[in-house]
Amino acid sequence: LDHKIYVRTRANTLHWIPASKVTPTQCVCVPKMKNKRPKTRINLNKFNIFRMKFDEDWIYETRDRKIKRYLDLDYEFNHFLALLYSKGTIRPNSNTLEVILLKEAGQCEFVLDTYTRFMEKMNLKFKRDENAGFITLHVTSKILTEFIKKMLFEHRFDKNSIFNPFWFNQKEDSLKGF
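Residues numbered from 1 in each chain as written. Predicted model: local features only at pLDDT ≥ 70, side-chain atom pairs only at ≥ 80, totals over all residues. Heavy atoms only, no water.

(A) Focus on the pattern of salt bridges. Under the criterion given, the structure shown has ten salt bridges. Across the salt bridge formed by Glu130 and Arg128, the nearest N and O atoms sit 2.9 Å from each other. On the basis of relative accessibility, which here comes to 45%, the residue Glu130 falls in the partly exposed class. We classify Arg128 as partly exposed; its relative accessible area is 41%. Here Lys150 makes a salt bridge to Glu146, at a shortest N to O gap of 2.7 Å. Linking Lys150 with Glu146, this pair stays in helix α3 (residues 142-151), spanning four residues, or about one helical turn. One continuous salt-bridge network, built from bridges that share partners, spans Asp74, Glu76, Asp113, Arg117 and Lys121. (Salt bridge = Lys/Arg side-chain N within 4 Å of Asp/Glu carboxyl O. Buried < 20%, exposed > 50% of the residue type's maximum accessible area, 1.4 Å probe, protein only. Helix = DSSP H or I, 4+ residues; strand = E, 2+ residues; numbered from the N terminus.)

Printed below as a string of structure tokens:
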């Protein structure tokens, strides 16, 4: 198909031209996303397909494990989100989220700090395993993995993760976490 594309030329003029006529010197104009009112939090109970008990502040996954009901969309969350897109996966047929790090990558402490802060904020405990040059961080949570599957991705190492544009509708200072 030779659909029309809106481009800006070097002379700073805007034109609709056929896609086949776009040259490397032209910039393709991307439509501005409508940002009505930025999201500031998400009610994780919307992902409670398991009918777990909940109250105003918590979702009770088990007798001894509860997760915060509301997820604040802030700078810290977006750091965690970027971490998941780059290094995260959900184990097949499980409720375990994993982040796998190379020990030699030089960013382990930063990633560990980001992961730890987010898990503490959500009231989740995680395990850390080290072997053969890798650090693997595991957390088990039905609610968190359901949220990730529905709103982020179901990442597999043999496929690319596709970014959900929903996450662009946030306050600007929160988005700096990416």
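More follows now that the structure is in view.
(B) Spotlight on the pairing of strand β9 (residues 96-102). Buried residues dominate β9, accounting for five of its seven residues. Across three bridges, the pairing between strand β8 (residues 88-90) and β9 is antiparallel. Bridge pairing in β9 links Thr89 to Glu98. Here β8 folds back onto β9, and the loop between the two strands holds five residues, one of which, Asn93, carries a positive phi near 55°. Both β9 and strand β11 (residues 134-140) contribute to a ladder of seven bridges, which runs antiparallel. By the bridge assignment for β11, Leu101 is matched with Ile135. (Pairing = 2+ DSSP bridges.)

(C) Highlighting the packing of aromatic side chains. Inspection of the entire model under this criterion finds six aromatic pairs. Their ring planes at 45° and their centres at 6.1 Å tell us that Phe77 and Phe118 sit as a pair that is tilted. Of this pair, Phe77 sits in helix α1 (residues 75-87) while Phe118 sits in helix α2 (residues 108-122), placing them 41 residues apart in sequence. Comparing Phe77 with Phe118, the two get one shared label, buried. Geometrically, the ring pair formed by Phe80 and Tyr115 is tilted, given 5.9 Å between the ring centres and 45° between the ring planes. Of this pair, Phe80 sits in helix α1 while Tyr115 sits in helix α2, and the two are 35 residues apart along the sequence. The buried category is assigned to Tyr115, whose relative accessible area is 0%. Through successive ring pairs, a cluster of aromatic residues spans Phe77, Phe80, Tyr115, Phe118 and Phe126. In this structure, Lys68 packs its charged tip against the face of Trp58, placed 5.9 Å from the ring centre. Here the guanidinium or amino end of Lys142 rests over the ring plane of Phe50, the centre of that ring lying 5.3 Å away. (Phe/Tyr/Trp six-rings, centres within 6.5 Å; stacked < 30°, edge-to-face > 60°. Lys NZ or Arg CZ within 6 Å of the ring centre and 35° of its normal.)

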